[in-house]
Amino acid sequence: MLKRLLFIAGITFTPLLYASSPVYIFTQDSYKELLANNDNAFIMVLWSLDCPPCIEELSMLGDVYHKTDNLNLVLVSTDSLSRMAEINQQLIASGLSAIDSWVFDSIPIPRLRYSIDPGWYGELPRSYFFTKNHSRKALSGRLNAEQIMSWLKNNSQVQTYR
Amino acid sequence: MRELNINSKMKISILIVGLLIAGISVNSFASHDGAKPSGATASGCSDINQLPTLDCTPAPSSVFADSGRLWVAWSYAGHVYVSYSDDKAKTFSLPMSVNSTPEKISARGENRPKIAVNNKGAIYVSWTTPLKKRFTGNVRFSYSNDNGKTFSRPITVNDNLDITGHRFEALSVADNGNIYLAWLDKRDRFKAEKAAKKYHGAALYYSWSDNGGKSFHQNQKIIDHSCECCRVAMQTDSHNLPVILWRNIYGKNTRDHALVNFKSVDKPGEPQRVSFDNWQVDACPHHGPDLSISNADTYHLVWFNNGEKNHGLFYQRLNEKQAATAPVPFGNYKAAASHPSVLSKENRVWLSWKEFDGKKEILWMQYSADNGDSWNIPVQIAQTDAGSDYGFLLMDSKTVYIQWKTSKDGFRLYAIDKVTGRD
């Protein structure tokens, strides 16, 4: 029945059904949970379907992710929940469907932004580099592979380039 | 954490099914363009037997006609609608559909349907229709010469039909009836990328109509390398020519603002850089400027920037000779002051913007009685603990208002002369 509904609606649902990893809803408590559940250094990247440099960055992140074996990455889409199908399609297209991925809950965006960082003004992409002890460095704008590799070198126990 | 994830997964599944069902309803609605209204409410947005209301849209635009009637353009489920209010947004007419054939319509934050009226009562509506590929779209336009009873068949204003970006349009009508559209255009980027060349950002293009919107002149480029996701601000001056303010890309990645005025209708002047905040970022700020022109062709500019030294909201005035005052910061940067609006009338200038204090979104206003030389203390106009749209300043013949739509209170006009004590 579900598939029938999807067929009628003309929406490609397959990626969501078969995505390697579910996309979680990012609530006002999620940032704290993310920290509590990440014992290692990690990078959190906020992105949107409406942001061209974000899409370019996702492609780069996908490449780096597949070339390394220890990129601890968390992706958070700031798009609305109603765009889940598109979000999943993009994650798959960027080779990032296995990444820990979140999408903003349907509550006012300023609240969610504030829960992460009152000093973030909504520009995208926005990245946070966390050390193992969760001190963080925020960066606005598109990252490049060198930044990721350099961070990996400094923050990982073992790092190999496949 | 685990429990949260399971709940989240369930939530997503339920939501998707719900949306799909709603999507089917929406499509059904779209084919019932002539459905008789029956006082739809927000809960009736997906009811095929009811016409939608303003509560169904996230991003409306409004303007006062000389008659004092408020006209609002908004979109829902593939249609741009126009409705009006004769009692300052307390009640609205039934919505009139502008496009009889449904099409996708951009209606979020920076990009929403626009509406303008001329001094003879004609109504002009523009919007962006996204195409199949992401970040692409066409600029659409329609007009009504019979007080909104009927609208012309929408036309595409961009004369380049590559599947690329022609989006974030701004609409303005001059006193002589000329209609101007300016937008962010990626036709040159499209061409460059086909030739395997890099092209940064978009370009600013414009066109105009001198026959009431029946047709538009050949598109003209104003500048290459504009920022690509910020709204464009445009007003017309006393010479019936447009003045445009937008976020531009300078050098490799410096996102500052540029302004252009025109020598004649088909001759844009040289764009000049008006902000020097040096926000260097390869990102989408999603945060465009605003512009108002007072009677003496004095330009009042507001913008947001996030440079290392200069950050937050800024106001600046340019006089007839284009000499600029030093930018004046306003709003509380630490409370995420954002999305500014500016309005001017003779020597009076109003600013509005939004802030977030951790719990509430707050609509602020600040007023100057001396052409922006000095400012009163900022005043809170309204607040909400629900979500809200940007605020927009507008005025009828004697009163200034701020349009603010919140998900809890809906579309409201806040008369702000009451706050300043002026009439």
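Because the structure is predicted, anything quoted here is derived from the model rather than measured. (Residues numbered from 1 in each chain as written. Chains lettered and ligands numbered in written order. Predicted model: local features only at pLDDT ≥ 70, side-chain atom pairs only at ≥ 80, totals over all residues.)

Novice: Can you help me understand the overall build of chain A in this one?
Specialist: Looking only at helices and strands, one finds seven helices and six strands in chain A. Across chain A, helices and strands are ordered from the amino to the carboxyl terminus as α-α-β-α-β-α-β-α-β-α-β-β-α. Sorting the 162 residues of chain A into buried and exposed places 43% on the buried side. Sequence separation of at least 24 residues holds for 79% of the intrachain contacts in chain A that already meet a minimum separation of 6. (Helix = DSSP H or I, 4+ residues; strand = E, 2+ residues; numbered from the N terminus. Buried ≥ 20, exposed ≤ 12 C-beta atoms within 10 Å, placed from the backbone. Contact = placed C-beta atoms within 7 Å.)

Novice: What should I look at first to understand the pairing of strand 1 (residues 61-64) of chain B in this one?
Specialist: On a regular strand, each side chain points to the face opposite its neighbour's, so the side chains alternate between the two faces of the sheet. Residues and elements named next belong to chain B. Where strand 1 meets strand 2 (residues 70-76), four bridges bridge the pair, whose relative direction is antiparallel. By the bridge assignment, Ser61 is partnered in strand 2 with Ala73. Hairpin remark: strand 1 followed by strand 2, antiparallel, with five residues in the connecting loop; positive phi at Gly68, about 95°. (Pairing = 2+ DSSP bridges.)

Novice: Mind showing me how you'd approach the confidence of the model for chain A here?
Specialist: Low pLDDT means the predicted coordinates in that region are not meant to be read closely. Residue and element names in this part refer to chain A. Residues of chain A with pLDDT of at least 70 account for 83%, and the chain-wide mean is 85. Ignoring residues within four places in sequence, the model shows residues 1-19, a span with pLDDT below 50, making 25 contacts including any to other chains. Every residue in residues 158-162 scores below 50 in pLDDT, and together they form eleven contacts with partners more than four places removed in sequence or on other chains. (pLDDT = per-residue confidence, 0-100.)

Novice: So what exactly am I meant to see when it comes to the environment of Val23 of chain A here?
Specialist: All names here are of chain A. By the element assignment, Val23 lies in strand 1 (residues 23-26). With 24 C-beta atoms counted inside 10 Å, the residue Val23 sits in the buried group. Residues Val23 and Ser77, spaced 54 residues apart in sequence, show a C-alpha to C-alpha distance of 9.5 Å.

Novice: Could you clarify how one ought to interpret the domain arrangement of chain B in this entry?
Specialist: Many structure descriptions define interface size as the accessible area lost when the parts assemble. All names here are of chain B. Considered domain by domain, chain B is made up of domain 1 (1-31 + 43-50), domain 2 (60-287) and domain 3 (289-423). Taken over C-alpha atoms, the centre of domain 2 sits 21 Å from the centre of domain 3. Contacts between the two partners involve 24 residues from domain 2, matched on the other side by 30 residues from domain 3. At the level of secondary structure, the elements contributing two or more residues to the side of domain 2 that touches domain 3 comprise strand 1, strand 13 (233-236), strand 14 (242-250) and strand 15 (254-264). The leading source of residues in the side of domain 2 that touches domain 3 is strand 14, at four residues. Per-class residue counts for the side of domain 2 that touches domain 3 are eleven nonpolar, nine polar and four charged. (Domains from an automatic or database assignment. Nonpolar A, V, L, I, M, F, W, Y, C, P; charged D, E, K, R; others polar.)

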